[in-house]
Amino acid sequence: MRLPGRCTLKYVAASLGRRGVFASRLNVLRRNSWNAAEFMPEAAGFEGVSGRDELQEYSVSNSESFWAAVAHQRLSWIRPFRTVQDCDLSRGRIKWFEGGKLNVSGESSVFDCVFCRELLEMTCRVGNLLRRHGVTKGDCVTIYMPTCPLAVVSMLACARIGAVHNVVFAGFSAEALAERIRDAESSTVITVNQGLRGGKVTELKKTVDTAVQSCPTVRQVFVATRTDNPFGFLQLVNRKSNFVLQEMLKEDVVCEPAAMDSEDILFLLYTSGSTGKPKGLVHTHAGYLLYAALTHKYVFSYQDGDVFGCVADIGWITGHSYTVYGPLVNGGTTVLFESTPVYPDPGRYWDMVERLKINQFYGAPTAIRLLIKYGDQWVKKYDRSTLKTLGSVGEPINTEAWEWYHRVVGDGRCPVVDTWWQTETGGICIAPKPSDPDAAIVPGMAMRPFFGIKPVLVDTEGKVLTSNNTSGALCMAQPWPGMARSIHNNHQRFLETYCQPYPGFFFTGDGAFRSEDGYYQITGRLDDVINVSGHRIGTAEIEDCSLVAESAVIGYSHNIKGQGVYAFVVLKKGVEVQEADLVKQLSNIVSEKIAKYASPDFIQIVKRLPKTRSGKIMRRVLRKVVECDLEGLGDLSTLDDPAAVQEILEGHEKLL
Ligand code: 6R9
């Protein structure tokens with residue numbers, strides 16, 4: 001029997017049938033009786049606030065009083081905060097709840113549940129292990145593991161001892177991993193001997209071995225055994241290598257949680273930007289945890305005792321906020337999904353919903369689009385009556401996918417929430433819920449800002465667009481506790497990317513449309529970032545990989561992945577290769593340097609790229625060629641050499 005208010009980890013291992021269940025009660029939030037409240041019990045003290053819209057209005061115009069009340073009531077403070085906020089967006093200064101101290105993995109008030117105890121004990125053991133091996137407050141620990149209990153335990157162990165975790169998606173290559181370890185100046189890496197995903201074995205330990213060769217800051221690597229395959233220790237001069245699982249078991253089950261300042265760093269998470277180098281976004285303890293917990297509770301109507309099924313990998317922000325921190329801070333039950341939606345068959349998600357009695361399911365449109373192709377029978381085979389809310393994240397959800405999700409998966413009775421947010425925002429910023437109970441949801445629209453969020457649309461001149469039925473650059477007009485504080489070791493880049501494009505606002509990099517009714521619809525990135533199966537990748541990162549003279553990478557519309565990668569390349573002079581060989585070679589290079597998902601779907605070899613007279617590649621022209629929109633090619637008079645376009649068009653036709 002599941003008891004309300006216990007944190008439980010339900011682990012769906014890659015190999016079917018192997019399932020562990022772990023749980024813990026995390027101590028940040030005080031339990032509250034949410035059930036009867038239509039909106040937020042915390043809002044009870046706000047004068048004149050009775051409905052959803054009034055609360056929204058109150059939360060942005062009385063931001064200090066709103067966040068103070070929520071933080072006081074919802075977080076357990078070791079020491080209460082002195083100030084609510086000290087923010088200046090124009091200077092990239094963002095501080096919340098200063099003077100406060102807390103620890104997310106603080107000792108539990110309720111440990112009568114065996115699974116809660118198991119998770120806490122493991123967290124303490126790993127915490128002690130790390131401490132004994134010299135990891136101290138503020139040190140960075142890189143976690144290169146698939147979504148599994150030990151990965152979550154490692155994250156929580158870092159939080160417990162005040163170390164900063166840096167989870168790197170286990171699909172990233174050795175080179176991409178090394179770049180992130182070096183940038184984070186990580187002293188310690190935690191990995192598994194091998195990963196298992198969708199029936200395939202991935203050699204994670206070997207990848208780490210390769211990566212750490214070029215990472216002088218790494219003192220030690222801890223390895224957990226995920227498969228029975230034996231592995232050897234890598235010998236590095238003056239460095240250690242340890243075996244986490246065995247060593248951990250020698251440790252004490254009591255590990256004193258460090259009292260963390262609100263603004264101490266909880267984690268770094270690398271994401272792609274429009275230049276080649278990935279950026280390590282910085283998230284801090286109090287504000288992030290509060291925001292993850294609050295959005296988890298209200299966007300998904302999460303109730304005590306519900307089982308939350310977020311299938312995102314912990315290597316992405318969605319896994320951090322809605323597989324790990326949001327549900328656990330809310331004392332809830334969370335599911336760890338380590339596999340793929342089609343292994344061993346396309347019923348995998350719904351089989352899991354039936355077996356684990358999942359109440360909220362949160363996934364990506366790319367998976368939905370893939371599953372549609374296999375037919376409704378894979379869904380209908382399983383009992384989905386426990387489902388209450390369906391969530392979508394990571395990329396725009398097209399109407400067909402939205403409707404199938406709603407009609408087939410949710411039997412037409414579960415609200416579908418299209419949630420817009422980013423690694424930078426820490427948690428969901430725009431979503432159809434919470435809403436008044438009878439308010440309709442518009443398919444494919446993220447719709448409403450969350451409490452405390454004030455979106456604005458800005459035109460190219462920087463003018464705020466006040467009317468509805470208009471599109472512009474999506475910015476946030478005021479800070480909120482969950483937002484990133486900086487880019488690790490590069491605050492200047494943080495300022496340039498987010499704060500300076502529209503002074504006084506936080507620029508998201510996305511464009512949006514605001515409807516006649518004032519609802520938001522995300523229209524896509526405004527920069528050179530593309531979104532492949534919900535994974536962000538900078539076109540410049542791919543371009544930096546190639547061994548060719550010059551390349552231009554663009555995103556094109558792909559019916560499953562959302563966007564695919566199309567690369568135009570110019571070969572070095574005198575290079576004699578078979579086209580097919582080169583295409584294979586380049587794909588391999590991108591897989592090795594970044595990850596498989598970033599590998600181009602199409603590579604077109606061209607003699608030259610269309611450029612302006614000042615030498616800028618005209619990506620707009622390349623996009624139109626790929627979209628086969630000749631009329632949309634527009635004004636080509638600024639082109640340096642108009643013949644380039646004709647050549648490219650001919651080559652493109654051949655490729656198709
Ligand atoms: C949470 C996450 C962020 C970028 C973001 C936007 C796109 C995310 C979306 C969406 C349309 C949605 N995005 N959710 N676009 N509708 N509901 O995905 O974070 O990996 O940092 O990506 O993803 O372009 O800017 P992250």
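Residues numbered from 1 in each chain as written. Predicted model: local features only at pLDDT ≥ 70, side-chain atom pairs only at ≥ 80, totals over all residues. Heavy atoms only, no water.

Caption draft 1: Up close: the sheet that holds strand β28 (residues 520-525). Strand order in the open sheet made by the five strands is β24-β23-β25-β27-β28, with antiparallel pairing throughout. Two strands close off the open sheet at either side, each with one partner strand: β24 (464-465) and β28. (Pairing = 2+ DSSP bridges. Helix = DSSP H or I, 4+ residues; strand = E, 2+ residues; numbered from the N terminus.)

Caption draft 2: Looking closely at the site of the ligand. Taken together, 17 residues lie around the ligand, and D418, T423, D510, R525 and R536 are the ones closest in. Here an oxygen atom of the ligand and a side-chain polar atom of D510 are 2.5 Å apart. Burial of the ligand by the protein amounts to 96% of the accessible area it has alone, namely 530 Å². Elements that contribute at least two residues to the shell around the ligand include exactly α9 (317-329), β20 (416-419) and β28. (Near = heavy atom within 4 Å. Polar contact = N/O pair within 3.5 Å; in protein donor to acceptor, adjacent residues only side chain to side chain. Areas by Shrake-Rupley, 256 points an atom, 1.4 Å probe, with all protein chains shown as cover.)

Caption draft 3: Region of the structure containing helix α11 (residues 365-374). Of all the 10 residues making up α11, seven are buried; the element is thus mostly covered by neighbouring parts of the structure. Listed as buried for α11 are P365, T366, A367, I368, R369, L371 and I372. Buried-residue contacts for α11 involve α10 (348-356), β18 (360-363), β19 (389-393), α13 (399-409) and β32 (562-570). Phi turns positive, to about 95 degrees, at G375, one or two residues after α11. (Buried < 20%, exposed > 50% of the residue type's maximum accessible area, 1.4 Å probe, protein only. Contact = heavy atoms within 4.5 Å.)

Caption draft 4: Highlighting the side chain of S272. Note on placement: S272 falls in the loop between β14 (265-271) and β15 (279-284). Side-chain polar atoms of S272 contact the side chain of E541, separated by 2.7 Å. In this view, S272 contacts K279, V529, R536, I537, G538 and E541; residues no more than four positions away in its chain are not counted.

Caption draft 5: Structural detail: the sheet that holds strand β6 (residues 140-144). Read from one edge to the other, the open sheet built from eight strands follows the order β12-β11-β8-β6-β7-β14-β15-β26, with strand pairing classed as mixed. Either end of the sheet is taken by a strand with one partner, and the two such strands are β12 (240-243) and β26 (486-487). Two elements, β15 and β26, share two bridges in a ladder whose sense is antiparallel. Residue pairing across strands places V282 opposite S486, the latter belonging to β26.

Caption draft 6: The arrangement of the packing of helix α2 (residues 63-74) against helix α8 (residues 285-299) in detail. α8 packs onto α2 with a crossing angle of 90 degrees between their chain directions and a minimal axis gap of 11 Å. Regarding the angle of α2 to α8, the classification is roughly perpendicular. Contacts between α2 and α8 involve W67, V70, A71 and R74 from the first element and L290, Y291 and L294 from the second. Among the residues forming the contact of α2 with α8, the class breakdown is six nonpolar, no polar and one charged. (Axes fitted to C-alpha atoms, helices over the stretch in contact; angles between N-to-C directions. Parallel < 35°, antiparallel > 145°, perpendicular 65-115°, else oblique. Nonpolar A, V, L, I, M, F, W, Y, C, P; charged D, E, K, R; others polar.)

Caption draft 7: Examining the pairing of strand β7 (residues 164-167) more closely. Alternating residues of β7 divide into V164 and N166 and H165 and V167, and every residue in both groups is buried. Where β6 and β7 come together, four bridges link them in parallel fashion. Paired with C140 across the two strands is V164, which belongs to β7. Note: β7 against β14, two bridges, orientation parallel. Considered in β14, the bridge of H165 is made with F267.

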